[in-house]
Amino acid sequence: MELLTLSRAARLAGVTRGVLQKMVRDGELASFEGRVRIDALVRAFPDAALEDNAELARVSRIKERAFARRVYERALPDKEVLAARLGALSLELAEARARAARFQALLGGLRQRLEGQALGAWLQLELEAGMAANEDERRVLAQDGVMRVMAPHVKLVPDGQEFFVEGADTVLDAALHAGLGMAYGCSAGNCGECKARVVAGSVRQVRHHDYRLSEAEKAQGFALLCCCTALTDLVLEAKVARFAGDIPLQSITAHVRRMDRLSAEVMQLELLTPRTNRLRFLAGQSARIELGGAVATWPIASCPCEERRLQFHLHRLPGNVQSDYAFDRLRVGEAVQVSGPVGDFVLREDGARPLVFIAWGWQGFAPVKSVIEHALAQEAAESIDLCWIGACAADHYYPKLCRSWAEAIDNFRYTPLIAGAGLHGEVTQTVRGALAAALRELHPLAQRDVYVAGDRAQVAASRAYLEEQGLPPAQLVSWDAHG
Ligand code: FES
(Lines give C-alpha, C1' and ligand atoms only; values in the text may rest on other atoms or scores of the structure.)
Protein backbone atom coordinates (compact mmCIF):
# COMPACT_ATOMS: atom_id res chain seq x y z
CA MET A 1 0.00 0.00 0.00
CA GLU A 2 1.28 3.43 -1.01
CA LEU A 3 2.22 5.69 1.92
CA LEU A 4 2.48 9.48 1.80
CA THR A 5 4.49 11.81 4.01
CA LEU A 6 2.32 13.97 6.26
CA SER A 7 3.35 17.09 4.31
CA ARG A 8 2.39 15.57 0.97
CA ALA A 9 -0.87 14.17 2.35
CA ALA A 10 -1.75 17.62 3.75
CA ARG A 11 -1.18 19.22 0.35
CA LEU A 12 -3.31 16.64 -1.40
CA ALA A 13 -6.12 17.07 1.12
CA GLY A 14 -5.85 20.89 1.06
CA VAL A 15 -5.25 21.27 4.82
CA THR A 16 -2.21 22.15 6.92
CA ARG A 17 0.21 19.60 8.31
CA GLY A 18 -0.85 20.66 11.82
CA VAL A 19 -4.45 19.60 11.10
CA LEU A 20 -3.33 16.12 9.95
CA GLN A 21 -1.00 15.80 12.94
CA LYS A 22 -3.94 16.45 15.25
CA MET A 23 -6.11 13.90 13.40
CA VAL A 24 -3.36 11.29 13.74
CA ARG A 25 -2.99 12.11 17.45
CA ASP A 26 -6.77 11.90 17.99
CA GLY A 27 -6.93 8.55 16.18
CA GLU A 28 -9.04 9.96 13.32
CA LEU A 29 -6.42 9.18 10.68
CA ALA A 30 -4.35 6.02 10.60
CA SER A 31 -0.61 6.51 10.09
CA PHE A 32 2.34 4.20 9.84
CA GLU A 33 5.76 5.47 10.99
CA GLY A 34 4.68 9.07 10.42
CA ARG A 35 3.19 8.34 6.98
CA VAL A 36 -0.42 8.20 5.84
CA ARG A 37 -2.06 5.48 3.76
CA ILE A 38 -3.77 6.74 0.63
CA ASP A 39 -6.98 4.83 1.33
CA ALA A 40 -7.14 6.33 4.85
CA LEU A 41 -6.62 9.82 3.39
CA VAL A 42 -9.38 9.28 0.83
CA ARG A 43 -11.75 8.11 3.56
CA ALA A 44 -10.94 11.14 5.74
CA PHE A 45 -11.15 13.69 2.88
CA PRO A 46 -13.50 12.26 0.25
CA ASP A 47 -14.33 15.67 -1.24
CA ALA A 48 -10.78 16.95 -1.48
CA ALA A 49 -9.73 13.84 -3.36
CA LEU A 50 -12.42 14.45 -5.95
CA GLU A 51 -11.58 18.06 -6.63
CA ASP A 52 -8.24 17.57 -8.35
CA ASN A 53 -5.91 20.35 -7.27
CA ALA A 54 -8.63 22.96 -6.80
CA GLU A 55 -8.56 22.73 -3.02
CA LEU A 56 -4.81 23.00 -2.94
CA ALA A 57 -4.85 26.04 -5.21
CA ARG A 58 -7.57 27.64 -3.09
CA VAL A 59 -5.54 27.25 0.11
CA SER A 60 -2.42 28.64 -1.59
CA ARG A 61 -4.32 31.67 -2.88
CA ILE A 62 -5.85 32.32 0.52
CA LYS A 63 -2.48 32.08 2.21
CA GLU A 64 -0.88 34.48 -0.24
CA ARG A 65 -3.68 37.00 0.29
CA ALA A 66 -3.59 36.51 4.04
CA PHE A 67 0.13 37.15 4.19
CA ALA A 68 -0.49 40.48 2.41
CA ARG A 69 2.94 40.16 0.86
CA ARG A 70 4.60 39.25 -2.36
CA VAL A 71 2.93 36.46 -4.28
CA TYR A 72 5.37 33.62 -4.67
CA GLU A 73 6.68 33.32 -8.15
CA ARG A 74 5.22 29.98 -8.99
CA ALA A 75 7.08 29.79 -12.24
CA LEU A 76 7.17 26.46 -13.94
CA PRO A 77 10.50 24.70 -13.71
CA ASP A 78 12.51 25.33 -16.89
CA LYS A 79 12.07 22.71 -19.60
CA GLU A 80 15.34 20.92 -18.84
CA VAL A 81 14.48 20.56 -15.14
CA LEU A 82 10.96 19.48 -16.07
CA ALA A 83 12.31 16.87 -18.49
CA ALA A 84 14.82 15.63 -15.91
CA ARG A 85 12.11 15.35 -13.23
CA LEU A 86 9.84 13.46 -15.64
CA GLY A 87 12.77 11.21 -16.52
CA ALA A 88 13.41 10.43 -12.85
CA LEU A 89 9.71 9.73 -12.27
CA SER A 90 9.55 7.47 -15.34
CA LEU A 91 12.50 5.50 -14.03
CA GLU A 92 10.73 5.03 -10.71
CA LEU A 93 7.60 3.96 -12.57
CA ALA A 94 9.56 1.47 -14.67
CA GLU A 95 11.08 -0.04 -11.53
CA ALA A 96 7.65 -0.26 -9.88
CA ARG A 97 6.22 -1.96 -13.00
CA ALA A 98 9.07 -4.47 -13.08
CA ARG A 99 8.51 -5.24 -9.40
CA ALA A 100 4.75 -5.57 -9.97
CA ALA A 101 5.36 -7.97 -12.89
CA ARG A 102 7.61 -10.13 -10.70
CA PHE A 103 4.96 -10.25 -7.94
CA GLN A 104 2.27 -11.08 -10.49
CA ALA A 105 4.29 -13.99 -11.84
CA LEU A 106 4.90 -15.20 -8.29
CA LEU A 107 1.21 -14.99 -7.45
CA GLY A 108 0.29 -16.78 -10.68
CA GLY A 109 2.58 -19.68 -9.72
CA LEU A 110 1.19 -19.78 -6.21
CA ARG A 111 -2.39 -19.81 -7.45
CA GLN A 112 -1.68 -22.76 -9.72
CA ARG A 113 -0.17 -24.73 -6.86
CA LEU A 114 -3.12 -23.98 -4.59
CA GLU A 115 -5.79 -24.69 -7.17
CA GLY A 116 -8.72 -26.63 -5.74
CA GLN A 117 -7.76 -25.86 -2.13
CA ALA A 118 -9.57 -23.49 0.25
CA LEU A 119 -6.44 -21.34 0.49
CA GLY A 120 -6.40 -21.02 -3.31
CA ALA A 121 -10.02 -19.83 -3.40
CA TRP A 122 -9.30 -17.28 -0.67
CA LEU A 123 -6.24 -16.03 -2.59
CA GLN A 124 -8.31 -15.68 -5.77
CA LEU A 125 -10.95 -13.60 -3.95
CA GLU A 126 -8.36 -11.36 -2.28
CA LEU A 127 -6.57 -10.77 -5.58
CA GLU A 128 -9.77 -9.79 -7.32
CA ALA A 129 -10.68 -7.41 -4.48
CA GLY A 130 -7.19 -5.90 -4.53
CA MET A 131 -7.33 -5.36 -8.29
CA ALA A 132 -10.72 -3.65 -8.13
CA ALA A 133 -9.90 -0.08 -8.99
CA ASN A 134 -10.74 2.57 -6.43
CA GLU A 135 -11.30 5.73 -8.45
CA ASP A 136 -10.48 8.13 -5.60
CA GLU A 137 -7.26 6.37 -4.65
CA ARG A 138 -6.14 6.35 -8.28
CA ARG A 139 -6.86 10.04 -8.54
CA VAL A 140 -4.84 10.82 -5.39
CA LEU A 141 -1.95 8.74 -6.74
CA ALA A 142 -2.10 10.62 -10.04
CA GLN A 143 -2.11 13.99 -8.22
CA ASP A 144 0.83 12.83 -6.15
CA GLY A 145 2.75 12.07 -9.37
CA VAL A 146 2.07 15.54 -10.77
CA MET A 147 3.08 17.11 -7.48
CA ARG A 148 6.34 15.22 -7.41
CA VAL A 149 7.25 16.77 -10.75
CA MET A 150 6.05 20.28 -9.92
CA ALA A 151 7.16 20.42 -6.28
CA PRO A 152 9.47 17.67 -5.01
CA HIS A 153 9.42 17.13 -1.26
CA VAL A 154 12.57 17.56 0.89
CA LYS A 155 13.18 16.16 4.34
CA LEU A 156 16.14 17.37 6.40
CA VAL A 157 18.02 15.05 8.72
CA PRO A 158 18.73 14.83 11.56
CA ASP A 159 16.21 17.53 12.59
CA GLY A 160 13.27 16.37 10.47
CA GLN A 161 12.05 19.66 8.93
CA GLU A 162 10.21 19.29 5.63
CA PHE A 163 9.50 21.59 2.68
CA PHE A 164 8.68 21.56 -1.04
CA VAL A 165 10.80 22.85 -3.92
CA GLU A 166 8.26 24.83 -5.95
CA GLY A 167 8.66 25.62 -9.63
CA ALA A 168 12.07 26.94 -10.56
CA ASP A 169 13.39 27.45 -7.00
CA THR A 170 16.80 26.26 -5.89
CA VAL A 171 16.73 24.00 -2.84
CA LEU A 172 18.09 26.86 -0.70
CA ASP A 173 15.43 29.33 -1.90
CA ALA A 174 12.72 26.76 -1.25
CA ALA A 175 13.99 26.16 2.30
CA LEU A 176 14.07 29.92 2.95
CA HIS A 177 10.51 30.31 1.57
CA ALA A 178 9.52 27.69 4.14
CA GLY A 179 11.10 29.86 6.83
CA LEU A 180 13.91 27.47 7.73
CA GLY A 181 17.13 28.82 9.26
CA MET A 182 19.44 27.15 6.75
CA ALA A 183 23.19 27.72 6.92
CA TYR A 184 24.24 29.81 3.92
CA GLY A 185 26.36 32.79 2.99
CA CYS A 186 26.63 34.35 -0.48
CA SER A 187 23.63 32.55 -2.13
CA ALA A 188 25.72 32.69 -5.30
CA GLY A 189 27.97 29.63 -5.34
CA ASN A 190 31.07 31.29 -3.92
CA CYS A 191 31.39 30.49 -0.23
CA GLY A 192 30.39 26.83 0.21
CA GLU A 193 28.36 27.63 3.35
CA CYS A 194 25.19 26.01 1.98
CA LYS A 195 26.92 22.69 1.35
CA ALA A 196 24.73 19.69 2.28
CA ARG A 197 24.81 15.93 1.71
CA VAL A 198 22.18 14.29 -0.45
CA VAL A 199 21.26 11.15 1.47
CA ALA A 200 18.47 10.04 -0.90
CA GLY A 201 17.12 11.33 -4.20
CA SER A 202 18.85 13.39 -6.84
CA VAL A 203 19.55 17.07 -7.52
CA ARG A 204 20.50 19.03 -10.62
CA GLN A 205 22.81 22.02 -10.84
CA VAL A 206 20.90 25.02 -12.24
CA ARG A 207 23.38 27.82 -11.50
CA HIS A 208 27.09 28.19 -12.10
CA HIS A 209 29.26 28.08 -8.96
CA ASP A 210 32.88 29.08 -8.44
CA TYR A 211 33.16 27.17 -5.17
CA ARG A 212 34.78 23.80 -5.86
CA LEU A 213 33.60 20.71 -4.02
CA SER A 214 36.46 18.24 -3.40
CA GLU A 215 36.38 14.84 -5.10
CA ALA A 216 35.77 13.26 -1.68
CA GLU A 217 32.78 15.58 -1.08
CA LYS A 218 31.36 14.79 -4.51
CA ALA A 219 31.76 11.07 -3.85
CA GLN A 220 29.89 11.46 -0.56
CA GLY A 221 27.02 13.22 -2.34
CA PHE A 222 27.59 16.84 -1.23
CA ALA A 223 25.91 19.61 -3.25
CA LEU A 224 25.60 23.39 -3.02
CA LEU A 225 21.96 24.09 -2.18
CA CYS A 226 22.05 27.64 -3.61
CA CYS A 227 22.95 26.27 -7.05
CA CYS A 228 20.82 23.17 -7.47
CA THR A 229 17.18 22.17 -7.60
CA ALA A 230 15.53 18.87 -6.67
CA LEU A 231 14.83 16.33 -9.41
CA THR A 232 13.11 13.88 -7.08
CA ASP A 233 11.96 13.86 -3.47
CA LEU A 234 15.06 14.34 -1.34
CA VAL A 235 16.50 13.49 2.04
CA LEU A 236 19.28 15.96 2.89
CA GLU A 237 21.76 16.10 5.73
CA ALA A 238 21.98 19.83 6.34
CA LYS A 239 22.69 22.33 9.11
CA VAL A 240 19.66 24.29 10.28
CA ALA A 241 19.69 27.04 12.92
CA ARG A 242 17.01 26.40 15.53
CA PHE A 243 18.13 28.53 18.44
CA ALA A 244 19.02 32.20 18.61
CA GLY A 245 22.68 31.40 19.39
CA ASP A 246 23.04 29.30 16.22
CA ILE A 247 23.32 32.38 13.98
CA PRO A 248 26.41 34.63 14.04
CA LEU A 249 26.15 38.41 14.26
CA GLN A 250 26.25 40.01 10.82
CA SER A 251 26.56 43.57 9.58
CA ILE A 252 25.22 44.53 6.17
CA THR A 253 24.22 47.55 4.14
CA ALA A 254 20.60 47.42 3.00
CA HIS A 255 18.53 49.95 1.07
CA VAL A 256 15.12 51.43 1.77
CA ARG A 257 12.67 49.68 -0.53
CA ARG A 258 9.44 51.26 0.68
CA MET A 259 7.88 53.15 3.58
CA ASP A 260 4.18 52.56 4.33
CA ARG A 261 2.21 54.42 6.95
CA LEU A 262 0.20 51.81 8.85
CA SER A 263 -1.34 54.50 11.07
CA ALA A 264 -0.72 58.11 12.04
CA GLU A 265 2.00 56.95 14.44
CA VAL A 266 3.42 53.79 12.87
CA MET A 267 5.42 53.37 9.68
CA GLN A 268 6.40 50.06 8.12
CA LEU A 269 9.96 50.47 6.87
CA GLU A 270 10.99 47.85 4.34
CA LEU A 271 14.68 47.36 3.63
CA LEU A 272 16.12 45.26 0.82
CA THR A 273 19.36 43.43 1.53
CA PRO A 274 21.92 42.68 -1.22
CA ARG A 275 21.29 39.49 -3.18
CA THR A 276 24.64 38.05 -2.10
CA ASN A 277 24.59 39.30 1.49
CA ARG A 278 21.21 38.67 3.11
CA LEU A 279 20.63 38.86 6.85
CA ARG A 280 20.25 35.45 8.46
CA PHE A 281 17.88 35.53 11.43
CA LEU A 282 15.13 33.54 13.09
CA ALA A 283 11.56 34.82 13.08
CA GLY A 284 10.97 37.03 16.13
CA GLN A 285 14.56 38.27 16.46
CA SER A 286 15.60 41.95 16.30
CA ALA A 287 18.25 43.97 14.50
CA ARG A 288 20.05 47.26 15.09
CA ILE A 289 19.47 49.85 12.41
CA GLU A 290 21.26 53.14 11.93
CA LEU A 291 19.14 56.10 10.78
CA GLY A 292 20.20 59.74 10.84
CA GLY A 293 23.35 58.84 12.76
CA ALA A 294 21.41 57.18 15.61
CA VAL A 295 21.39 53.44 16.25
CA ALA A 296 18.41 51.64 17.77
CA THR A 297 17.26 48.03 18.07
CA TRP A 298 13.90 47.14 16.52
CA PRO A 299 12.16 43.79 16.22
CA ILE A 300 12.14 42.49 12.65
CA ALA A 301 8.45 42.40 11.70
CA SER A 302 8.88 40.14 8.66
CA CYS A 303 9.78 36.46 8.71
CA PRO A 304 12.89 34.90 7.11
CA CYS A 305 10.61 33.52 4.36
CA GLU A 306 10.56 37.09 2.95
CA GLU A 307 14.19 36.45 2.05
CA ARG A 308 15.84 39.79 1.20
CA ARG A 309 13.06 41.99 2.60
CA LEU A 310 13.30 43.15 6.19
CA GLN A 311 10.37 45.00 7.71
CA PHE A 312 10.40 47.19 10.82
CA HIS A 313 7.42 48.93 12.44
CA LEU A 314 8.79 52.31 13.51
CA HIS A 315 6.77 54.39 15.95
CA ARG A 316 6.79 58.18 15.87
CA LEU A 317 8.56 59.39 19.00
CA PRO A 318 8.77 63.22 18.86
CA GLY A 319 12.22 64.49 19.85
CA ASN A 320 13.86 61.13 19.18
CA VAL A 321 16.66 61.61 16.59
CA GLN A 322 16.04 58.33 14.78
CA SER A 323 12.28 58.68 14.75
CA ASP A 324 12.42 62.29 13.49
CA TYR A 325 14.81 61.26 10.73
CA ALA A 326 12.76 58.21 9.71
CA PHE A 327 9.43 60.09 9.56
CA ASP A 328 10.66 63.38 8.09
CA ARG A 329 13.79 62.84 6.02
CA LEU A 330 14.34 59.21 5.08
CA ARG A 331 13.93 58.47 1.35
CA VAL A 332 13.42 55.33 -0.75
CA GLY A 333 16.76 54.04 -2.03
CA GLU A 334 18.78 55.36 0.91
CA ALA A 335 21.46 53.05 2.37
CA VAL A 336 20.86 51.81 5.92
CA GLN A 337 23.36 49.94 8.09
CA VAL A 338 21.82 46.84 9.70
CA SER A 339 23.44 44.49 12.22
CA GLY A 340 22.06 41.48 13.99
CA PRO A 341 20.29 39.30 14.75
CA VAL A 342 19.70 39.69 18.49
CA GLY A 343 17.10 38.27 20.85
CA ASP A 344 15.60 34.87 21.57
CA PHE A 345 11.87 35.39 20.99
CA VAL A 346 11.76 32.50 18.53
CA LEU A 347 9.32 29.71 17.74
CA ARG A 348 9.82 26.59 19.82
CA GLU A 349 10.10 23.84 17.26
CA ASP A 350 10.02 21.02 19.78
CA GLY A 351 6.38 21.30 20.78
CA ALA A 352 3.32 20.41 18.74
CA ARG A 353 0.96 22.33 21.01
CA PRO A 354 -1.56 24.95 19.83
CA LEU A 355 -0.01 28.44 19.80
CA VAL A 356 -1.28 31.52 21.64
CA PHE A 357 0.18 34.97 20.90
CA ILE A 358 -0.41 37.96 23.16
CA ALA A 359 0.73 41.29 21.69
CA TRP A 360 0.57 44.30 24.03
CA GLY A 361 0.08 47.82 22.68
CA TRP A 362 1.95 49.05 19.62
CA GLN A 363 5.25 47.59 20.77
CA GLY A 364 4.27 43.94 20.93
CA PHE A 365 2.88 43.36 17.45
CA ALA A 366 6.00 43.44 15.23
CA PRO A 367 7.86 40.46 16.81
CA VAL A 368 4.58 38.54 17.08
CA LYS A 369 3.84 39.15 13.38
CA SER A 370 7.22 37.69 12.43
CA VAL A 371 6.73 34.53 14.48
CA ILE A 372 3.13 34.05 13.28
CA GLU A 373 4.18 34.34 9.63
CA HIS A 374 6.92 31.81 10.29
CA ALA A 375 4.44 29.43 11.95
CA LEU A 376 2.08 29.83 8.97
CA ALA A 377 4.93 29.17 6.51
CA GLN A 378 5.79 26.01 8.47
CA GLU A 379 2.14 24.85 8.45
CA ALA A 380 2.88 22.89 11.60
CA ALA A 381 0.66 24.65 14.15
CA GLU A 382 -2.54 22.88 15.05
CA SER A 383 -4.20 26.22 15.80
CA ILE A 384 -3.15 29.84 16.37
CA ASP A 385 -4.84 32.36 18.69
CA LEU A 386 -3.75 35.99 18.50
CA CYS A 387 -4.87 38.43 21.21
CA TRP A 388 -3.79 42.02 20.54
CA ILE A 389 -4.41 44.11 23.63
CA GLY A 390 -4.09 47.86 23.16
CA ALA A 391 -4.55 50.85 25.43
CA CYS A 392 -6.75 52.40 22.74
CA ALA A 393 -8.01 51.54 19.24
CA ALA A 394 -5.02 53.33 17.64
CA ASP A 395 -2.69 50.70 19.11
CA HIS A 396 -4.21 48.16 16.70
CA TYR A 397 -2.37 49.69 13.78
CA TYR A 398 -2.57 46.65 11.46
CA PRO A 399 -6.10 45.26 11.93
CA LYS A 400 -6.52 44.47 8.23
CA LEU A 401 -3.71 41.95 8.30
CA CYS A 402 -4.96 40.25 11.48
CA ARG A 403 -8.51 40.02 10.13
CA SER A 404 -7.31 38.58 6.83
CA TRP A 405 -5.37 35.87 8.69
CA ALA A 406 -8.49 35.02 10.68
CA GLU A 407 -10.75 35.01 7.61
CA ALA A 408 -8.43 33.00 5.40
CA ILE A 409 -7.03 30.39 7.74
CA ASP A 410 -9.41 27.92 9.36
CA ASN A 411 -7.53 27.35 12.59
CA PHE A 412 -6.61 31.01 13.21
CA ARG A 413 -8.51 33.22 15.69
CA TYR A 414 -7.95 36.93 16.24
CA THR A 415 -9.17 38.80 19.34
CA PRO A 416 -8.53 42.55 19.51
CA LEU A 417 -9.07 44.04 22.97
CA ILE A 418 -8.93 47.56 24.38
CA ALA A 419 -7.59 47.61 27.92
CA GLY A 420 -7.76 51.38 28.53
CA ALA A 421 -5.25 53.94 29.73
CA GLY A 422 -4.26 51.78 32.72
CA LEU A 423 -2.05 49.81 30.35
CA HIS A 424 0.57 52.51 30.55
CA GLY A 425 0.30 53.22 34.26
CA GLU A 426 -0.05 50.74 37.10
CA VAL A 427 -0.35 47.79 34.77
CA THR A 428 -0.83 44.75 36.97
CA GLN A 429 -4.59 44.92 37.44
CA THR A 430 -5.16 46.08 33.87
CA VAL A 431 -3.07 43.23 32.47
CA ARG A 432 -4.76 40.65 34.64
CA GLY A 433 -8.20 41.87 33.64
CA ALA A 434 -7.36 41.94 29.93
CA LEU A 435 -5.72 38.50 30.00
CA ALA A 436 -8.65 36.99 31.87
CA ALA A 437 -10.94 38.23 29.05
CA ALA A 438 -8.57 37.21 26.25
CA LEU A 439 -7.87 33.72 27.54
CA ARG A 440 -11.39 32.83 28.69
CA GLU A 441 -11.82 30.18 26.00
CA LEU A 442 -8.24 28.97 25.88
CA HIS A 443 -8.01 26.94 29.05
CA PRO A 444 -6.34 24.67 30.00
CA LEU A 445 -3.20 26.68 29.28
CA ALA A 446 -0.97 23.74 30.18
CA GLN A 447 -1.66 22.33 26.71
CA ARG A 448 -0.49 25.44 24.83
CA ASP A 449 2.68 27.35 24.00
CA VAL A 450 2.21 31.04 24.77
CA TYR A 451 4.19 33.93 23.24
CA VAL A 452 3.95 37.32 24.92
CA ALA A 453 5.42 40.61 23.65
CA GLY A 454 5.06 44.13 24.99
CA ASP A 455 6.79 46.53 27.34
CA ARG A 456 8.67 45.24 30.36
CA ALA A 457 5.89 45.82 32.91
CA GLN A 458 3.21 44.27 30.68
CA VAL A 459 5.33 41.18 30.05
CA ALA A 460 6.27 40.74 33.72
CA ALA A 461 2.61 41.03 34.80
CA SER A 462 1.55 38.61 32.03
CA ARG A 463 4.16 36.06 33.06
CA ALA A 464 3.00 36.13 36.69
CA TYR A 465 -0.66 35.78 35.68
CA LEU A 466 -0.09 33.00 33.14
CA GLU A 467 1.99 30.90 35.50
CA GLU A 468 -0.64 31.38 38.20
CA GLN A 469 -3.19 30.02 35.68
CA GLY A 470 -1.19 26.82 35.21
CA LEU A 471 1.06 27.58 32.22
CA PRO A 472 4.37 25.73 32.72
CA PRO A 473 7.23 28.32 32.57
CA ALA A 474 8.96 26.32 29.80
CA GLN A 475 5.92 26.90 27.54
CA LEU A 476 6.10 30.68 27.81
CA VAL A 477 8.31 32.66 25.41
CA SER A 478 8.50 36.41 25.95
CA TRP A 479 9.91 39.57 24.44
CA ASP A 480 9.91 42.98 26.02
CA ALA A 481 10.71 46.34 24.51
CA HIS A 482 13.75 46.70 26.73
CA GLY A 483 14.94 43.11 26.31
S1 FES B 1 25.53 30.14 -0.06
FE2 FES B 1 27.57 30.51 -0.74
S3 FES B 1 27.91 28.82 -2.02
FE4 FES B 1 25.84 28.59 -1.50
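About the criteria used
Residues numbered from 1 in each chain as written. Predicted model: local features only at pLDDT ≥ 70, side-chain atom pairs only at ≥ 80, totals over all residues. Helix = DSSP H or I, 4+ residues; strand = E, 2+ residues; numbered from the N terminus. Rg over C-alpha atoms; globule rule 2.2 N^0.38 Å. Buried ≥ 20, exposed ≤ 12 C-beta atoms within 10 Å, placed from the backbone. Contact = placed C-beta atoms within 7 Å. Right-handed = clockwise from strand over helix to strand, strands pointing away. Core = buried A, V, L, I, M, F, W, Y, C linked by C-beta atoms within 7 Å. Pairing = 2+ DSSP bridges. Axes fitted to C-alpha atoms, helices over the stretch in contact; angles between N-to-C directions. Parallel < 35°, antiparallel > 145°, perpendicular 65-115°, else oblique. Left-handed = near helix turned anticlockwise from the far one by under 90°. Nonpolar A, V, L, I, M, F, W, Y, C, P; charged D, E, K, R; others polar.

**Q** Help me out: how do you make sense of the overall build of the protein in this one?
**A** Within the protein one finds 15 helices and 23 strands. Taking 483 residues into account, the globule formula puts the C-alpha radius of gyration at 23 Å, and the protein, at 26 Å, falls close to it. Taken across its 483 residues, the protein has 39% of its residues classed as buried. Considering only contacts in the protein between residues 6 or more positions apart, those separated by 24 or more positions represent 72%.

**Q** What exactly am I supposed to notice about the pairing of strand β23 (residues 476-480) here?
**A** Regular strands show a simple pattern: their side chains alternate between the two faces of the sheet. Counting buried positions along β23 yields four of five residues, so the element is predominantly enclosed. A crossover links strand β22 (residues 449-454) with its parallel partner β23, the connecting element being helix α15 (residues 456-468), and its sense is right-handed.

**Q** Whenever I open this one, the environment of Pro 472 confuses me. Can you help?
**A** Examined against the element boundaries, Pro 472 turns out to sit in the loop between α15 and β23. Pro 472 gets classed as partly exposed once you count the C-beta atoms within 10 Å, which come to 13. In this structure the C-alpha to C-alpha distance between Pro 472 and Lys 22, which are 450 residues apart in sequence, comes to 21 Å.

**Q** Would you mind going over the nonpolar core with me for this structure?
**A** Nonpolar side chains in soluble globular proteins tend to end up buried together. Judged by nonpolar contacts, the single largest core of 100 residues is most densely connected at Val 171, Leu 172, Ala 175, Leu 225, Phe 357 and Ile 358. Counting residues in each nonpolar core, the second largest holds 17 residues, with Leu 12, Met 23, Ile 38 and Leu 41 among its members.

**Q** Is there a simple way to explain unusual backbone geometry in this structure?
**A** The bulk of non-glycine residues show a negative phi, and the bulk of peptide bonds are trans. With omega at 10°, the peptide bond leading from Val 157 into Pro 158 counts as cis. Position of Pro 158 among the secondary structure elements: in the loop between β4 (153-157) and β5 (162-164). That bond from Gly 340 to Pro 341 is cis: its omega, 5°, falls within 30 degrees of zero. As for its placement among the helices and strands, Pro 341 is situated in strand β18 (residues 335-342).

**Q** Can you help me understand the sheet that holds strand β2 (residues 31-32) in this one?
**A** Pairing between the strands of a sheet comes from backbone hydrogen bonds, and it takes one of two forms, parallel or antiparallel. Sheet architecture is open: three strands sit in the order β1-β3-β2, paired in antiparallel fashion. One side of each edge strand has no neighbouring strand; the edge strands of this open sheet are β1 (3-5) and β2. Note that β2 and strand β3 (residues 35-37) share two bridges and pair antiparallel. Each residue of the ladder has a partner; that of Ser 31, found in β3, is Val 36. Across the sheet, helix α1 (residues 6-13) lies against β1 and β3, angled at about 95° from β1, the strand it touches most.

**Q** What's the story with the packing of helix α6 (residues 79-113) against helix α8 (residues 135-150) in this structure? I'm lost.
**A** Axes are the key here: two packed helices are described by the angle between their axes and the distance separating the axes. Orientation of α6 relative to α8, taken along the N-to-C sense of each, is 135°, at an axis distance of 9 Å. The pairing of α6 with α8 is recorded here as oblique in orientation. The crossing of α6 and α8 is right-handed. On the side of α6, the interface is formed by Leu 82, Arg 85, Leu 86 and Leu 89, while α8 contributes Gly 145, Arg 148 and Val 149.

**Q** Explain the packing of α1 against helix α2 (residues 17-25) here, please?
**A** One way to put it is that α1 packs onto α2 with a least axis distance of 8 Å and a crossing angle of 110°. As far as their axial angle goes, α2 and α1 are roughly perpendicular. Taking contact as the criterion, the partners of Leu 6, Ser 7, Ala 9 and Ala 10 in α1 are, on α2, Arg 17, Leu 20 and Gln 21. Split into classes, the residues belonging to the contact of α1 with α2 amount to four nonpolar, two polar and one charged.

**Q** Explain the sheet that holds strand β7 (residues 195-200) to me, please; I cannot follow it from the model alone.
**A** Read from one edge to the other, the open sheet built from five strands follows the order β5-β4-β11-β7-β9, with strand pairing classed as mixed. In this open sheet, the two edge strands, each paired with only one partner strand, are β5 and β9 (222-224). Within the sheet, the average angular offset between the axes of one strand and its neighbour, ignoring direction, is 40°. Pairing of β7 with β9 involves three bridges; the strand directions are antiparallel.

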